[in-house]
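Understanding the architecture of this molecule
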2 protein chains.
Amino acid sequence: MSKQKIPYKTYLTEEEIPKAWYNIRADMKTDHRPILNPGTHKPITAEELAPVFCDELIKQELNDTDRFIEIPEPIRNFYKMYRPSPLVRAYCLEEALKTPAKIYYKYEGGNTSGSHKLNSAIAQAYYAKEQGLRGVTTETGAGQWGTALSMACGYFGIDLKVFMVKISAQQKPYRKAVMETYGATVTPSPSDTTEIGRKILADDPETGGSLGCAISEAVEAAVTTDGYRYVLGSVLNQVLLHQSIIGLETKTAFEKIGEYPDTIIGCAGGGSNLGGLMSAFMADKLAGKSASRFIAVEPASCPSLTRGKFAYDFCDTGMVTPLAKMYTLGATFIPSANHAGGLRYHGMSPILSQLYHDGYIDEARAVAQTDVFEAATLFARVEGTLPAPESSHAILVAIDEALKCKQTGEEMTILFGLSGTGYFDLGAYMQYNEGNMTDHIPTDEELERGFSAIPQVD
Amino acid sequence: MSKQKIPYKTYLTEEEIPKAWYNIRADMKTDHRPILNPGTHKPITAEELAPVFCDELIKQELNDTDRFIEIPEPIRNFYKMYRPSPLVRAYCLEEALKTPAKIYYKYEGGNTSGSHKLNSAIAQAYYAKEQGLRGVTTETGAGQWGTALSMACGYFGIDLKVFMVKISAQQKPYRKAVMETYGATVTPSPSDTTEIGRKILADDPETGGSLGCAISEAVEAAVTTDGYRYVLGSVLNQVLLHQSIIGLETKTAFEKIGEYPDTIIGCAGGGSNLGGLMSAFMADKLAGKSASRFIAVEPASCPSLTRGKFAYDFCDTGMVTPLAKMYTLGATFIPSANHAGGLRYHGMSPILSQLYHDGYIDEARAVAQTDVFEAATLFARVEGTLPAPESSHAILVAIDEALKCKQTGEEMTILFGLSGTGYFDLGAYMQYNEGNMTDHIPTDEELERGFSAIPQVD
């Protein structure tokens with residue numbers, strides 16, 4: 001198919017939206033190690049998880065056998081309001097770079113939450129509603145997950161309490177406003193509304209918070225409030241399951257235009273974006289049907305894959321959650337406050353961690369945020385869309401790979417995930433525009449402090 | 001076609017994006033009266049306009065004969081990055097209202113400018129570039145036009161100086177940041193950088209500004225800077241021409257699903273949104289081929305159609321522009337500072353004014369902003385997308401019309417323009433959420449003050 005024949009944007013029809021999510025665990029050569037009870041170090045059971053999570057979501061979390069899990073009709077109807085999302089050919093970026101590479105991105109920012117997070121939020125709100133719960137609690141970092149979940153809970157008419165990383169709440173007052181418009185209550189974290197929050201504040205009254213802290217508070221609020229459960233927007237198997245819709249749609253779109261990506265690039269904080277984007281393509285690789293190269297991009301200020309340990313660790317700073325085997329900087333690691341945007345998580349999805357450990361994810365690359373905003377600005381000017389800082393990590397590496405092709409002359413097909421828009425990140429763009437953005441690369445000593453808190457399990 | 005068969009979103013293919021804009025003046029029964037030189041009161045000539053506007057845009061402005069004007073290839077390529085925009089069936093809103101009406105909206109917010117404004121911005125930047133200009137100046141109210149034009153000028157690599165209504169610049173610092181990211185320079189208006197700005201400030205140092213003031217400053221800056229021209233995002237014939245792409249696409253989408261709208265609703269400030277949305281449908285009405293009902297919705301705080309005079313007036317507060325025959329509140333009218341969002345213009349597109357005067361636009365309705373935000377919040381919760389305050393004027397009236405159908409049992413097909421998103425209007429949403437939003441309906445005395453400044457021409 002000639003270059004001109006491929007449209008700028010490839011859409012599926014609504015009929016082609018996947019009717020089932022893809023559960024990659026059914027195909028993994030080595031499944032990730034089981035999640036452990038932090039007290040007994042024994043694999044955790046559904047019963048133990050029941051006070052914290054919704055019943056149906058626990059089943060999905062522990063399901064390592066069913067390759068496909070049907071998407072309930074009400075969720076599919078909600079998906080139709082903003083999906084299928086387009087697969088975009090970045091013709092203008094290619095031209096600006098003068099690269100022979102073909103650059104594609106799957107654009108997940110075309111909904112009010114501004115990101116892919118809505119794909120899992122609507123599923124989790126649905127199962128909470130089905131279980132007859134009054135409401136759910138959660139944490140949010142940059143605010144995309146909290147916004148997505150407010151939209152989802154507003155739609156199904158259940159309550160939502162959001163603990164928002166304090167530094168983000170300060171940088172993004174409007175994120176709070178949008179969540180409130182959808183009916184959520186938003187508390188900056190750490191707060192004095194929970195025991196763990198009060199403890200964290202006592203230790204460090206000036207802390208800007210972290211996703212790990214906010215998770216601890218949200219879990220505590222869920223288990224101490226009647227008719228509530230806790231939901232999480234990343235890291236968990238269930239989240240990667242719901243996000244698989246991104247990769248499934250992308251693969252179908254590529255089939256329509258007769259292409260297949262050689263390189264697949266996604267930013268990785270907790271792993272929901274890359275986990276979703278890679279799904280159907282990783283299935284091919286696991287089945288020996290493709291040799292695509294997968295690159296996970298993370299911030300140099302929070303480098304769990306590139307500099308972390310592959311170990312059992314807590315999923316939260318307060319050390320109240322089960323233990324997961326993952327790449328981690330230690331549950332007490334909190335990235336520098338100068339880091340803009342999300343991707344502030346100390347750990348990484350156990351699925352992604354195992355795939356990286358086993359070499360199916362070929363490479364992890366840590367990048368500096370000033371370089372990320374330079375790439376973001378170039379992208380915005382040539383492709384129109386203002387990207388989220390998180391997604392711009394993937395843009396930077398996609399540009400780097402395309403520039404390598406320029407040197408080698410290779411006509412590589414590059415796919416990256418444009419997981420969200422930067423409309424709520426203008427504070428950070430302003431900082432960058434005014435030359436006030438800096439980078440913080442943690443020293444080995446800083447990392448050692450985090451590692452020292454990792455429990456001894458293996 | 002059964003209800004279930006119509007998708008949530010109807011997209012055209014990129015091949016189906018219109019290749020020509022539709023010039024409604026060629027079909028109008030009575031063309032609007034010519035624009036006049038304010039000194040001589042004689043119809044203005046292309047030569048007189050040349051120091052202010054780009055040459056090709058002047059031709060379009062004065063063209064009342066060609067029904068279709070071809071869209072140049074570079075503009076069509078840019079359109080492909082964010083068009084075609086979807087025609088959305090508001091199933092969830094219908095269900096929430098329990099109305100037999102079928103509600104559709106054309107969604108123009110799916111680009112970084114957050115509105116339909118980009119359709120004309122890219123055209124105007126293109127013609128400026130083609131003419132070899134160094135840059136352009138403009139004004140922006142809520143910031144959507146300024147953002148759109150920054151994207152357009154950034155794309156074609158020409159300079160842009162934006163005069164932004166001061167009250168909007170204060171309420172929306174991030175709008176300024178996004179324009180700067182695309183390379184524009186932004187000055188809050190009135191400013192001390194122009195003669196007219198200094199005069200307005202001397203008269204009222206506390207003014208929050210208005211679109212009319214900002215236009216005066218931008219025009220002055222254009223004519224006093226070498227290699228610059230002035231561009232405008234609404235009101236003008238050329239803008240309605242470029243925006244006709246909205247209605248052309250919408251009509252084709254309706255053909256695909258076998259429907260035709262009975263009622264067409266758009267918000268109207270300067271007229272670019274309604275003018276664009278109605279285009280192809282008004283063509284049918286002018287040709288006697290349809291009896292669709294058109295409703296223009298305006299804010300009660302700036303009621304040019306419902307309470308203004310149909311008279312020749314200046315297009316700007318500084319009274320430096322040519323005179324246009326339009327519905328106007330008087331060039332010195334400045335809406336109350338408590339009015340959120342755009343639609344702050346004292347006048348109205350001469351094309352829309354004439355069509356309203358002649359009864360082709362059936363009705364103008366003025367609505368209070370607290371009602372508008374109530375409708376906006378309902379819409380956001382059931383349909384997902386957070387609407388712009390401007391677009392929410394149309395949402396409110398669409399809801400009212402759908403509720404009337406509930407009483408009568410009529411299965412009417414309602415179309416409204418969702419011209420933009422509210423991501424940069426969270427300050428106003430916050431005010432509404434916290435119960436601090438008020439309405440201001442100008443008194444007859446306030447309006448009389450504005451009318452007294454209208455020049456005697458007719």
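Look a little higher up for the structure.
First things first, this report covers the structure right here in the doc. As the structure is a prediction and not an experimental result, all values here were calculated from the model. (Residues numbered from 1 in each chain as written. Chains lettered and ligands numbered in written order. Predicted model: local features only at pLDDT ≥ 70, side-chain atom pairs only at ≥ 80, totals over all residues. Heavy atoms only, no water.)

Secondary structure summary: chain A contains 18 helices and 15 strands in total. For chain A, the C-alpha radius of gyration of 20 Å lies close to 23 Å, the compact-globule estimate for 458 residues. Structurally, chain A occupies a C-alpha span of about 60 × 50 × 45 Å along its principal axes. When each of the 458 residues of chain A is scored for burial, the buried share is 67%. (Helix = DSSP H or I, 4+ residues; strand = E, 2+ residues; numbered from the N terminus. Rg over C-alpha atoms; globule rule 2.2 N^0.38 Å. Buried < 20%, exposed > 50% of the residue type's maximum accessible area, 1.4 Å probe, protein only.)

Here we take up unusual backbone geometry. Cis geometry marks the peptide bond from A:Arg83 to A:Pro84, where omega comes out at -10 degrees. With respect to the helices and strands, A:Pro84 occurs in the loop between helix H3 (73-82) and strand S4 (87-89). Cis geometry is found at the peptide bond from B:Ser189 to B:Pro190, where omega equals 5 degrees. With respect to the helices, strands and loops of the structure, B:Pro190 is situated in the loop between strand S8 (185-189) and helix H9 (195-203). The phi dihedral of A:Val235 is positive, around 65 degrees, even though this residue is not glycine. Here A:Val235 lies in the loop between strand S9 (228-230) and helix H11 (237-257).

Right, let's talk about the pattern of salt bridges for a bit. One side chain can pair with another of opposite charge once the charged atoms of both are near each other. Inspection of the entire model under this criterion finds 42 salt bridges over all chains. Between A:Glu363 and A:Arg365 there is a salt bridge, with its nearest N and O atoms 2.7 Å apart. For A:Glu363, a relative accessible area of 18% corresponds to the buried category. Taking the relative accessible area as the measure of exposure, A:Arg365 reaches 16% and is therefore buried. Across the pair B:Glu259 and B:Lys102 runs a salt bridge, and its minimum N-O distance is 3.2 Å. With a gap of 157 residues between them, B:Glu259 in the loop between helix H11 (237-257) and strand S10 (263-267) and B:Lys102 in strand S5 (residues 102-107) connect regions that are remote in the sequence. Assigned by exposure class, B:Glu259 and B:Lys102 land together as buried. (Salt bridge = Lys/Arg side-chain N within 4 Å of Asp/Glu carboxyl O.)

All names here are of chain A. Taken together, the seven strands give an open sheet; going across it, the order is S1-S4-S5-S15-S10-S11-S14, and neighbouring strands pair in mixed fashion. Single-partner strands in this sheet number two, and they are strand S1 (9-10) and strand S14 (363-367). Bridge count for strand S10 (residues 263-267) against strand S11 (residues 293-299) is five bridges, and the pairing is parallel. From the neighbouring strand, Ile265 faces S11, where its bridge partner is Ile295. Where H11 meets the sheet, its contacts fall on S1, S4, strand S5 (102-107) and strand S15 (413-418), and the angle it forms with S5 comes to roughly 140 degrees. (Pairing = 2+ DSSP bridges. Contact = heavy atoms within 4.5 Å. Axes fitted to C-alpha atoms, helices over the stretch in contact; angles between N-to-C directions.)

Here we take up the packing of aromatic side chains. For the structure shown, the criterion picks out 43 aromatic pairs over all chains. Both rings, one in B:Phe78 and one in B:Tyr155, keep their centres 4.7 Å apart while their planes meet at 70 degrees; by these two values the pair is edge-to-face. Of this pair, B:Phe78 sits in helix H3 (residues 73-82) while B:Tyr155 sits in helix H6 (residues 144-156), and the two are 77 residues apart along the sequence. Relative to B:Phe379, the ring of B:Tyr105 has its centre 5.3 Å away and its plane inclined at 70 degrees; by these criteria the two rings are edge-to-face. Residue B:Tyr105 is found in strand S5, and its partner B:Phe379 is found in helix H15 (residues 369-383); the two are separated by 274 residues along the sequence. Here a set of aromatic residues connected by ring pairs shows up, and it is made of A:Phe78, A:Tyr79, A:Tyr82, A:Tyr126, A:Tyr127, A:Tyr155 and A:Phe156. It is B:Lys161 that lies over the ring of B:Tyr228; its NZ or CZ is 5.0 Å from the centre. The side chain of B:Lys309 reaches across the aromatic face of B:Phe451, ending 4.6 Å from its centre. (Phe/Tyr/Trp six-rings, centres within 6.5 Å; stacked < 30°, edge-to-face > 60°. Lys NZ or Arg CZ within 6 Å of the ring centre and 35° of its normal.)

At the interface, 41 residues of chain B touch 41 residues of chain A. When chain B packs against chain A, close to 3,800 Å² is buried across both sides, 61% of that on carbon and sulfur atoms. The three residues of chain B that bury the most area against chain A are B:Tyr174, B:Thr181 and B:Tyr423, which together make up 19% of that side's buried surface. Notably, a salt bridge pairs A:Lys9 with B:Glu14, separated by 3.5 Å at the nearest N-O pair. Seen at the junction of chain B and chain A, the total is 21 residue pairs in polar contact (both at pLDDT 80 or more). Contributing elements (two or more residues each) for the side of chain B that touches chain A: H3, H6, helix H8 (173-181), H15 and helix H17 (426-433) of chain B. Considering every element that reaches the side of chain B that touches chain A, the biggest residue donor is H8(B), with six residues. Here the side of chain B that touches chain A is composed, by residue class, of 22 nonpolar, 12 polar and seven charged. (Buried area = accessible area lost by both parts, 1.4 Å probe. Polar contact = N/O pair within 3.5 Å; in protein donor to acceptor, adjacent residues only side chain to side chain. Nonpolar A, V, L, I, M, F, W, Y, C, P; charged D, E, K, R; others polar.)

Turning our eyes to something else, we now look at the relation of the copies chain B and chain A. For these two chains of identical sequence, chain B goes onto chain A by a turn of 180 degrees and a shift of 0.0 Å along the axis, with RMSD 0.0 Å. Such a combination of turn and shift is consistent with a two-fold rotation axis. In terms of C-alpha distance to the rotation axis, chain B has B:Gly110 as its closest residue, with the C-alpha 3.1 Å off the axis. Looking at the interface residues of chain B, 100% of them are also at the interface in chain A, so both copies use one shared face. (Least-squares fit on C-alpha atoms with pLDDT ≥ 70 in both.)

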